[in-house]
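Chain residues, written in single-letter form:
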Amino acid sequence: MIEIKRADKRTEFKVIEKLANEILHQVYDPIITAEHTDCFLTEFQSENVIEDQIKNENFSYFLLNYNTKNVGYLGVQKLNKKLILSKLYILESFRGLKIGKAALEYVNEFAANNGIEKIELIVNQQNQNTIDIYLKKGFKIIESVVNSLPNGYSVEDYKMEKILKTE
C-alpha cells in the first residue's frame, strides 16, 4: 500500500536527508560527479535546510511510504498561484511500483486544493526516463536552463510546466 504523509518533525527531516543521500547518488552520480551530488545534498537536502525551507520558504515535504517503509519523498513550494514540484525521489529498488504515479496524483490534488494554476519543475536534461514520465503526465518543456551549484559546478536542466484547468 502507498501512503503519502506530510513531514513536519525534525525526525522526519532526518529520514528525508538519509533517503536523499542514497537516492541522489543513485540518480545523479552517473550524470555528474559524486562531489557535486554531495554539494547539492549539503545545500538543499540536509535536515536543517529542509526545516528552514518549510519555515521560511513556503515548502511542504512528504514522505512516500510503501507497505509502511519510507521509500522516497516529495517536496513542493507554493508561490501564489504556482506550485514548484521541487523534489520527487524514490529508492531505486521501489521504482516501477506506481509510487511516483501516486505522488504526482497527490501533487495535482494538492494544487487543486490550494488554488494553483500551474505546476513547474526542473529536470536534468540527461535524465530522459524522468523527462518522459513528466511528458506523459501532461508537462511540457518550456525552456532549457543552466543551474549553478554553490561549488561553481553547473548542470543543464529543462524547466517543465503543467497548466491546470481552472474553473
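Residues numbered from 1 in each chain as written. Predicted model: local features only at pLDDT ≥ 70, side-chain atom pairs only at ≥ 80, totals over all residues. Heavy atoms only, no water.

Chemist: Teacher, can you tell me more about the pattern of salt bridges here?
Modeler: For the structure shown, the criterion picks out 13 salt bridges. When the shortest N-O distance is used, the salt bridge between E47 and R10 registers 2.9 Å. Linking E47 in helix α3 (residues 47–56) with R10 in helix α1 (residues 10–28), this pair joins segments that are 37 residues apart in sequence. Of the residues examined, E47 reaches a relative accessible area of 15% and is grouped as buried. Residue R10 is classed as partly exposed on the basis of its relative accessible area, which comes to 35%. The shortest N-O distance in the salt bridge between K14 and E47 comes to 4.0 Å. Pair noted here: K14 is in helix α1 and E47 is in helix α3, with a separation of 33 residues, a long-range link. Each of R10, K14, E17, E47, E51 and K55 takes part in salt bridges that share partners, so that together they form one network. (Salt bridge = Lys/Arg side-chain N within 4 Å of Asp/Glu carboxyl O. Helix = DSSP H or I, 4+ residues; strand = E, 2+ residues; numbered from the N terminus. Buried < 20%, exposed > 50% of the residue type's maximum accessible area, 1.4 Å probe, protein only.)

Chemist: Just to check I follow, could you spell out the sheet that holds strand β6 (residues 140–148) for this structure?
Modeler: Whenever strands of a sheet pair, they do so through backbone hydrogen bonds, lying parallel or antiparallel. Read from one edge to the other, the open sheet built from seven strands follows the order β1-β2-β3-β4-β5-β7-β6, with strand pairing classed as mixed. Two strands close off the open sheet at either side, each with one partner strand: β1 (2–7) and β6. Strand-to-strand twist across the sheet, computed as the mean angle between neighbouring axes with direction ignored, equals 30°. Pairing of strand β5 (residues 118–124) with strand β7 (residues 154–163) involves seven bridges; the strand directions are antiparallel. In the sheet register, I122 faces β7, and the bridge partner there is K159. (Pairing = 2+ DSSP bridges. Axes fitted to C-alpha atoms, helices over the stretch in contact; angles between N-to-C directions.)

Any functional reading would require information that these geometric values do not contain.
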